[in-house]
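Residue-level listing of the chains:
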Amino acid sequence: MPDNEQIEFNFTWDALKLLGKSLYSNAWSAISELVANGIDAGASEVTVLVDARNKRSATIEIMDDGSGMDAEALNIYAHIGFDRRQFALEHGETTNGVMGRKGIGKLAALYLSDDYDLLTKTNTQDETCWNLKYRNDAVGGETPSLESTEKPALLTRRWEQTNAGTLLQLRNVDLRNIGEAAYNQLSIRLANQFLTTSMHKATVKLAVINRDGDLQNPDFRPVKKAVAFHNLAYIAMNFPNREDIPIEISDIAEAERHRGSLVESGEAGQNAMRDVSRNEKVLIPYRGHDLNPYEHFPRVRLMRDLRTSQTNQPPIAGTKDFPLSEQIKDIPSQLEPGIRIDIDHNLITIPYQLTGWIGIHSTINTEAAKENDEEYTKGNWYNPNSLRLYVRDKLADENLLDKLGITQAFLNYVEGEISFDILDNDFLPDIATSSRQGFDELDTRWELLKGIIKPQVQALIRDRQLLATQQRDTAKEYRTEVETNAKTEAIKSIRTNIRNNKDIPPDAGNAVLSDVAQRIQGDTGLSAKEDYIIFISHASRDKRLSDFIHDYMISIGATENEFFYTSARDKTKLSVNNKALKDQIRLNLTQHNALVLYVTSTNFLDSDFAMFEAGAGWATKTEDEYQIMTVTHSEIPGCIDDDRYAVSLNDGTTITLAKDHYPSIVQLLNKLIKHLNRGRSIKKKDTLPEIQIKQIPTELALRQSNKTEEDYWDQSVLQYWQANVENGITADNEPLNQYEEKLSHARTFHSDHIQQLKDLYEPSDNE
């Protein structure tokens with residue numbers, strides 16, 4: 001038998017470091033633990049300063065203005081595993097607002113750094129400085145310890161401005177694996193570590209110094225959550241204290257209360273919503289449909305008990321019995337309101353309540369979600385679609401959804417923040433994992449939480465599924481009407497073409513029209529083209545002219561999908577692939593209702609691709625399906641020159657928007673607008689405004705009013721002409737005068753070639 005009857009455990013440096021490294025999964029969680037220590041110390045403000053100019057050896061300072069630590073408190077700090085709450089209960093002190101319990105959160109510093117200093121001061125004790133530096137050369141039996149040290153050089157002077165508090169300076173922190181996106185989302189992740197209500201007690205501020213940042217005056221900003229409340233379609237909440245309700249949820253609920261009942265499904269319902277303020281509704285894009293987004297009113301409801309034949313949900317608020325420990329019997333005077341002890345049956349009854357909110361997003365398409373709420377953020381370092389669980393105001397589980405066993409669609413649309421403090425009640429065993437980032441999932445309290453929360457999430461998913469069904473039904477109703485409109489418009493176009501063709505007898509034309517109408521509108525499976533586009537055929541060196549048309553049309557509301565021309569900014573990749581370009585040209589000429597605008601010049605006649613477009617258009621389009629804008633009439637290819645009206649830009653010497661040209665340009669633009677409006681009317685979209693031509697006074701009246709004709713022109717047309725044509729560019733980035741000079745030179749140099757082309761397309765007298 002050994003001489004000694006007791007053998008004590010001994011904590012080594014390696015064990016201390018290993019424990020610190022095993023507690024946390026990332027730097028942000030470790031930082032949040034150190035921030036929580038400051039909040040537990042009664043701080044009104046905690047600041048985090050990250051000097052990341054050298055990511056290999058960064059410095060982090062975490063400072064609070066809490067109570068600070070005297071000699072006794074420092075000894076407790078060095079006591080690994082000290083249960084602060086149990087100590088408070090045994091000494092008749094309150095534990096309200098205390099997040100920590102295990103006494104190991106201080107080791108978060110070792111996760112980040114092997115060498116850190118601790119500075120602390122109280123209202124009654126001067127500043128003391130301590131250092132903890134990991135020693136891998138420590139001999140056996142040497143235990144870790146804090147060593148008194150000289151005050152280090154601090155990053156800022158803020159510490160000198162506090163009367164009490166604690167500061168940690170962590171040196172040689174390796175942040176090389178953390179990219180710019182992670183830094184941008186650090187504020188969000190840090191804010192998410194704490195329940196919103198706890199952030200009312202203390203302000204947490206963050207400053208990150210990167211590259212050339214100002215270390216002397218760091219820009220400290222309060223950390224902020226990035227919950228996109230205005231992208232949520234449905235919200236369930238339970239807040240016993242109304243002041244805890246997020247203001248965004250209150251606003252949504254208030255708007256719903258004032259709005260009353262309004263049917264939103266179906267086309268009629270969607271039309272009724274058009275006059276409702278944009279900030280009162282969310283927009284949900286259609287997948288695979290060129291439709292205006294579906295509009296929906298967000299709805300807020302109170303969490304309710306959802307017991308059904310399929311679920312046996314525990315109530316959201318209630319009481320639960322637990323075995324009574326001997327430890328609790330010794331301190332009955334400290335029982336919280338509602339707690340009851342039954343000594344005879346060895347039971348303690350503890351009240352519980354699930355509080356917080358759970359919502360389901362209308363869309364998780366980042367672009368669409370940001371249209372609803374600019375706060376919507378999603379990236380590798382932050383996922384908004386998670387159900388965050390808080391216990392005693394601190395994050396306990398980053399995403400509870402993974403543990404509910406739900407496999408339904410739309411689960412990844414759910415977001416929420418809930419609190420369930422019974423998971424860490426002072427009078428019950430501690431079931432949190434060592435890192436406080438999880439719980440013993442076999443414990444009855446965990447099962448209680450899952451039983452409450454799972455039906456709540458499933459109810460929100462059912463609401464979102466119903467919304468998806470309403471959206472599909474509305475799309476189907478819309479598509480049916482659009483197809484009918486497209487067929488009607490097609491028949492009108494065919495009727496016009498037949499009646500304008502003098503070679504078709506009226507009776508024969510009517511018979512053909514009747515047959516076509518029956519086939520298109522009957523149950524033959526035939527469909528009509530719905531998309532109306534403008535196809536601009538031009539030479540790349542004439543880009544300034546096509547850009548004028550395109551940019552003006554875009555400015556009044558046309559979309560890029562309503563245009564095709566090969567030098568457009570998004571078509572540059574096509575120009576290096578001849579086959580792809582030709583295939584795309586054919587597709588846009590034949591698949592859509594394309595109105596071709598030929599922008600012709602000497603450059604056009606000399607371009608193989610431009611002439612290919614001219615030939616393709618001539619082969620596929622009728623006379624009313626193309627327009628011509630030309631520098632001079634002599635530069636119109638014979639295949640499209642049928643003596644029709646063409647807008648000419650040249651006054652004999654220069655390209656100009658003279659008074660003789662302006663009405664023609666406006667007339668051309670209005671024809672393009674009318675063409676696109678036909679497609680927009682079919683799809684029930686807003687039409688584009690036509691240009692109004694003002695009556696121009698006589699020359700005498702102009703002189704008397706000190707005005708010119710240009711004052712009566714549409715100023716947008718004039719501005720886009722000046723920006724694109726007069727000041728625009730060609731393929732050679734040349735100014736207008738050089739462009740005109742090269743055109744003149746090309747006309748002389750290639751006159752024989754031009755005549756050959758015209759001879760090729762113009763029929764001879766013998767034909």
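Calculation rules
- Residues numbered from 1 in each chain as written.
- Predicted model: local features only at pLDDT ≥ 70, side-chain atom pairs only at ≥ 80, totals over all residues.
- Heavy atoms only, no water.
- Helix = DSSP H or I, 4+ residues; strand = E, 2+ residues; numbered from the N terminus.
- Buried < 20%, exposed > 50% of the residue type's maximum accessible area, 1.4 Å probe, protein only.
- Contact = heavy atoms within 4.5 Å.
- Pairing = 2+ DSSP bridges.
- Axes fitted to C-alpha atoms, helices over the stretch in contact; angles between N-to-C directions.
- pLDDT = per-residue confidence, 0-100.
- Phe/Tyr/Trp six-rings, centres within 6.5 Å; stacked < 30°, edge-to-face > 60°.
- Lys NZ or Arg CZ within 6 Å of the ring centre and 35° of its normal.
- Core = buried A, V, L, I, M, F, W, Y, C linked by side-chain atoms within 4.5 Å.
- Salt bridge = Lys/Arg side-chain N within 4 Å of Asp/Glu carboxyl O.
- Parallel < 35°, antiparallel > 145°, perpendicular 65-115°, else oblique.
- Left-handed = near helix turned anticlockwise from the far one by under 90°.
- Nonpolar A, V, L, I, M, F, W, Y, C, P; charged D, E, K, R; others polar.
- Expected span 1.5 Å × (residues − 1).
- Polar contact = N/O pair within 3.5 Å; in protein donor to acceptor, adjacent residues only side chain to side chain.

1. A few points about the overall build of the protein chain
Thinking step 1. When helices and strands are counted, the protein chain shows 23 helices and 24 strands.
Thinking step 2. For the protein chain, the residues scored as buried account for 49% of the 767 residues in total.
Thinking step 3. Put simply, 72% of the contacts in the protein chain that link residues at least 6 apart link residues at least 24 apart.

2. Regarding the sheet that holds strand E13 (residues 317–323)
Thinking step 1. Spatially, E13-E15-E14 is the arrangement adopted by the three strands of the open sheet, whose pairing is antiparallel. Of all the strands in the sheet, the pair left with one neighbour each is E13 and strand E14 (340–342). Strand-to-strand twist across the sheet, computed as the mean angle between neighbouring axes with direction ignored, equals 25 degrees.
Thinking step 2. Bridging between E13 and strand E15 (residues 347–353) involves seven bridges; their strand directions are antiparallel. In the strand pairing of E15, Asp 321 is matched with Thr 349.
Thinking step 3. Contacts between helix H13 (residues 444–500) and the sheet are confined to E13 and E15, with E13 contributing the most and set at about 160 degrees to the helix.

3. Quick notes on the confidence of the model for the protein chain
Thinking step 1. Model confidence for the protein chain is summarised by a mean pLDDT of 79, while 77% of its residues fall at 70 or above.
Thinking step 2. Here residues 569–577 is a poorly scored stretch, pLDDT under 50, and it has eleven contacts once near neighbours within four places are set aside; other chains count.

4. Thoughts on the packing of aromatic side chains
Thinking step 1. Counted under the stated rule, the structure contains ten aromatic pairs.
Thinking step 2. When the centroid spacing of 5.0 Å and the interplanar angle of 55 degrees are considered together, the rings of Phe 229 and Trp 357 count as tilted. Of this pair, Phe 229 sits in the loop between strand E8 (221–222) and strand E9 (232–238) while Trp 357 sits in strand E16 (residues 355–361), and the two are 128 residues apart along the sequence. Neither residue differs from the other here; Phe 229 and Trp 357 are each classed as buried.
Thinking step 3. A ring pair is formed by Tyr 286 and Tyr 294, whose centres lie 6.4 Å apart and whose planes are at 80 degrees; its orientation type is edge-to-face. For the pair Tyr 286 and Tyr 294, a shared accessibility class is recorded, and that class is buried.
Thinking step 4. By way of ring pairs, the aromatic residues Tyr 598, Phe 604 and Tyr 626 are connected into one cluster.
Thinking step 5. Directly above the aromatic system of Phe 220 lies the positively charged group of Arg 158, at a separation of 4.4 Å from the ring centroid.

5. Some details on the nonpolar core
Thinking step 1. Grouped together as the largest cluster of nonpolar side chains are 59 residues, with contacts concentrated most on Ile 418, Phe 420 and Val 457.
Thinking step 2. Breaking this core down by element, the ones donating at least two residues are E9, E15, E16, strand E17 (387–391), strand E19 (414–419) and H13.
Thinking step 3. One finds Ala 27, Leu 34, Tyr 77 and Leu 118 within the second-largest nonpolar core, a separate group that totals 43 residues.

6. Considerations on unusual backbone geometry
Thinking step 1. Residues other than glycine seldom take positive phi values, yet Asp 393 does so here, at roughly 75 degrees.
Thinking step 2. In this structure, Asp 393 sits in the loop between E17 and strand E18 (394–397).
Thinking step 3. Note on Asp 393: relative accessible area 12%, which makes it buried.
Thinking step 4. One non-glycine residue, Asn 706, lies in positive phi territory at about 60 degrees.
Thinking step 5. Positionally, Asn 706 belongs in the loop between helix H20 (699–705) and helix H21 (715–726).

7. With respect to the pattern of salt bridges
Thinking step 1. Across all of its chains, the model carries 25 salt bridges by this definition.
Thinking step 2. The partner of Asp 51 in a salt bridge is Arg 53, and the shortest N-O contact between them spans 2.9 Å.
Thinking step 3. Classification of Asp 51 as buried rests on a relative accessible area of 9%.
Thinking step 4. If you follow the salt bridges from partner to partner, you end up with Lys 225, Arg 388, Glu 415 and Glu 417 in one network.

8. Focus: the environment of Ala 36
Thinking step 1. Mapped onto the elements of the fold, Ala 36 is located in helix H2 (residues 27–40).
Thinking step 2. A relative accessible area of 1% means that Ala 36 is categorised as buried.
Thinking step 3. On a C-alpha basis, the gap between Ala 36 and Lys 394 in space is 7.9 Å, while along the polypeptide they are 358 residues apart.

9. Section: the environment of Ile 348
Thinking step 1. Examined against the element boundaries, Ile 348 turns out to sit in strand E15.
Thinking step 2. Separated by 80 residues in the primary sequence, Ile 348 and Leu 428 place their C-alpha atoms 9.2 Å from one another.

10. Looking at the sheet that holds strand E22 (residues 593–600)
Thinking step 1. A sheet is described by the order of its strands in space; here five strands give the open sequence E21-E20-E22-E23-E24, paired in parallel fashion. The outermost strands of the open sheet, each flanked by one partner alone, are strand E21 (563–564) and strand E24 (647–648).
Thinking step 2. Of the strand pairs in this sheet, strand E20 (residues 532–538) and E21 are connected by two bridges, and their pairing is parallel. Note that in E21 the partner of Phe 535 across the bridge is Phe 564.

11. A few points about the packing of helix H15 (residues 543–555) against helix H19 (residues 662–682)
Thinking step 1. Their axes nearest at 11 Å, the elements H15 and H19 cross at an angle of 55 degrees. By the criterion of interaxial angle, the relationship of H15 to H19 is oblique. Between H15 and H19 lies a crossing of right-handed hand. Side by side, H15 and H19 meet where Phe 548, Ile 549, Tyr 552 and Met 553 of the first sit next to Ile 665, Leu 668, Leu 669, Leu 672, Ile 673 and Leu 676 of the second.
Thinking step 2. For the contact of H15 with H19, the residue count by class is ten nonpolar, no polar and no charged.

12. Overview of the pairing of strand E4 (residues 128–133)
Thinking step 1. Note that strand E3 (residues 115–121) and E4 share six bridges and pair antiparallel. Looking at E4, one finds that Leu 119 is bridged to Cys 129.
Thinking step 2. The loop that links E3 with its antiparallel partner E4 comprises six residues.
Thinking step 3. Looking at chain direction, E4 and strand E5 (residues 147–148) are connected through two bridges and run antiparallel. Looking at E5, one finds that Asn 131 is bridged to Glu 147.

13. Concerning H13
Thinking step 1. Relative to the 84 Å expected for 57 residues at 1.5 Å per residue, H13 spans 83 Å between its end C-alpha atoms, a close match to the ideal helical length.
Thinking step 2. Its side-chain oxygen 2.8 Å from the backbone nitrogen of Arg 445, Asp 443 forms the N-cap of H13.

14. Things to note about H19
Thinking step 1. In a regular helix each residue adds 1.5 Å, so 21 residues correspond to 30 Å; H19 covers 31 Å between its end C-alpha atoms and thus fits that length.
Thinking step 2. Of all the 21 residues making up H19, 15 are buried; the element is thus mostly covered by neighbouring parts of the structure.
Thinking step 3. Backbone geometry just after H19 places Lys 684 at a positive phi near 60 degrees.

15. Overview of the packing of H15 against H21
Each pair of packed helices can be described by the angle between their axes along with the distance between the axes.
Thinking step 1. Running from amino to carboxyl end, H15 crosses H21 at an angle of 145 degrees, the nearest separation of the two axes being 8 Å. Read as a crossing pair, H15 and H21 show a hand that is right-handed. The residues of H21 that touch H15, namely those facing Arg 544, Leu 545, Asp 547, Phe 548, Asp 551, Tyr 552 and Ser 555, are Ser 716, Val 717, Tyr 720, Trp 721, Asn 724, Val 725 and Glu 726.
Thinking step 2. Taken together, the residues of the contact of H15 with H21 break down into seven nonpolar, three polar and four charged.

16. Some remarks on the side chain of Glu 417
Thinking step 1. Mapped onto the elements, Glu 417 comes out in strand E19.
Thinking step 2. Side-chain polar atoms of Glu 417 contact the side chain of Arg 388, separated by 3.2 Å.
Thinking step 3. Sequence-distant contacts of Glu 417, defined by excluding residues within four places in its chain, comprise Asn 192, Leu 195, Thr 196, Lys 225, Thr 355, Gly 356, Trp 357, Leu 387, Arg 388 and Tyr 390.

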